[in-house]
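Understanding the architecture of this molecule
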Amino acid sequence: SPVFTAVAVLSLALGIGVNTAIFSLIHAVMLRMLPVRDPGQLVELLSEYPGEPRGSFFSLRSYQHYQDHNHVFSGLTGSSMSEFKIRSAGDQREMAQGEFVTGSYFPVLGVKAAAGRLLGPEDDRAGAPDSAVVVVSWEYWKTRLGSAPGVLGKRIFIDDVPLTVVGVAPRGFFGL
């Protein structure tokens, strides 16, 4: 009957559409390969303490201990997601997502700069006058800084700390 056929076709169309949407979401969030060198070689260290959930949260002191005593991995890196208050020229203030990263972050991932340079182990020196540096994402550079070629060497304030822009991450790089 035409009613049964219409209901069956509509049910199939709805089911296929929902499955496609769910797979697209899962693929975008969980299955997409990271835009780094050898993404299949990356390992995430997890810790589990009695009575607490498993997680990848380590103190800087623990990270330094693991790095100093590492005889297994070709490199270790650390990062921490955060939301930042950014103030640039003209006293414009905005919020942005970003990461605090160790100096080994970009070298271990094999990522190359789109402009300027990326952070390296020499940037892990705390307290040096030129140690307060930042790498901005391609998207931030393009949308917020207008793809300005002179952005390198400029100062921006992140959480009211003056930082010098030393580089722009490559297009498509979104971190870990």
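Keep in mind it's a predicted model, so treat the numbers as computed, not measured.

1. Some details on unusual backbone geometry
Although it is not a glycine, Ser147 sits at a positive phi angle of roughly 55°. Overall, Ser147 belongs to the partly exposed group, its relative accessible area being 29%. Unusually for a residue other than glycine, Asp160 sits at a positive phi of about 65°. Tracing the chain through its elements places Asp160 in the loop between strand 5 (155-158) and strand 6 (161-168).

2. Details of the nonpolar core
Ranked by size, the top nonpolar core spans 15 residues in total, and within it Val136, Trp141 and Ile158 carry the most contacts. Counting residues per element, the ones that place at least two in this core are strand 1 (79-87), strand 4 (133-136), helix 4 (138-143), strand 5 and strand 6.

3. Observations regarding the pattern of salt bridges
Applying the stated criterion to the full structure yields four salt bridges. The closest approach of N and O atoms between Asp160 and Arg87, which form a salt bridge, is 4.0 Å. Of this pair, Asp160 sits in the loop between strand 5 and strand 6 while Arg87 sits in strand 1, and the two are 73 residues apart along the sequence. For Asp160, a relative accessible area of 52% gives the class exposed. Salt-bridge contacts for Arg117 lead to Asp123; the nearest nitrogen and oxygen are separated by 2.8 Å. Counted as one network, the salt bridges with shared partners bring together Arg87, Arg93 and Asp160.

4. What about the environment of Arg171?
In this structure, Arg171 sits in the segment after strand 6. Sequence separation between Arg171 and Gly17 is 154 residues, and the spatial gap between their C-alpha atoms is 31 Å.

5. Observations concerning the environment of Gly78
Along the chain, Gly78 falls in the loop between helix 2 (60-68) and strand 1. Put simply, Gly78 and Ser147 are 69 residues apart on the chain and 28 Å apart in space, counted from C-alpha to C-alpha.

6. Topic: a nonpolar patch on the surface
A grouping of Val43, Leu45, Tyr66, Val72 and Phe73 is seen on the molecular surface, where their side chains present a nonpolar patch of about 460 Å² in accessible area. One can find Tyr66 in helix 2.

7. Here we look at the pairing of strand 1
Across nine bridges, strand 1 lies against strand 2 (residues 93-101) in antiparallel orientation. Its bridge partner lying in strand 2, Ser80 is registered against Phe100.

The rules behind these values
Residues numbered from 1 in each chain as written. Predicted model: local features only at pLDDT ≥ 70, side-chain atom pairs only at ≥ 80, totals over all residues. Heavy atoms only, no water. Buried < 20%, exposed > 50% of the residue type's maximum accessible area, 1.4 Å probe, protein only. Helix = DSSP H or I, 4+ residues; strand = E, 2+ residues; numbered from the N terminus. Core = buried A, V, L, I, M, F, W, Y, C linked by side-chain atoms within 4.5 Å. Salt bridge = Lys/Arg side-chain N within 4 Å of Asp/Glu carboxyl O. Patch = residues over 30% accessible without salt bridge, like charges linked within 9 Å, V, L, I, M, F, W, Y side chains within 5 Å. Areas by Shrake-Rupley, 256 points an atom, 1.4 Å probe, with all protein chains shown as cover. Pairing = 2+ DSSP bridges.

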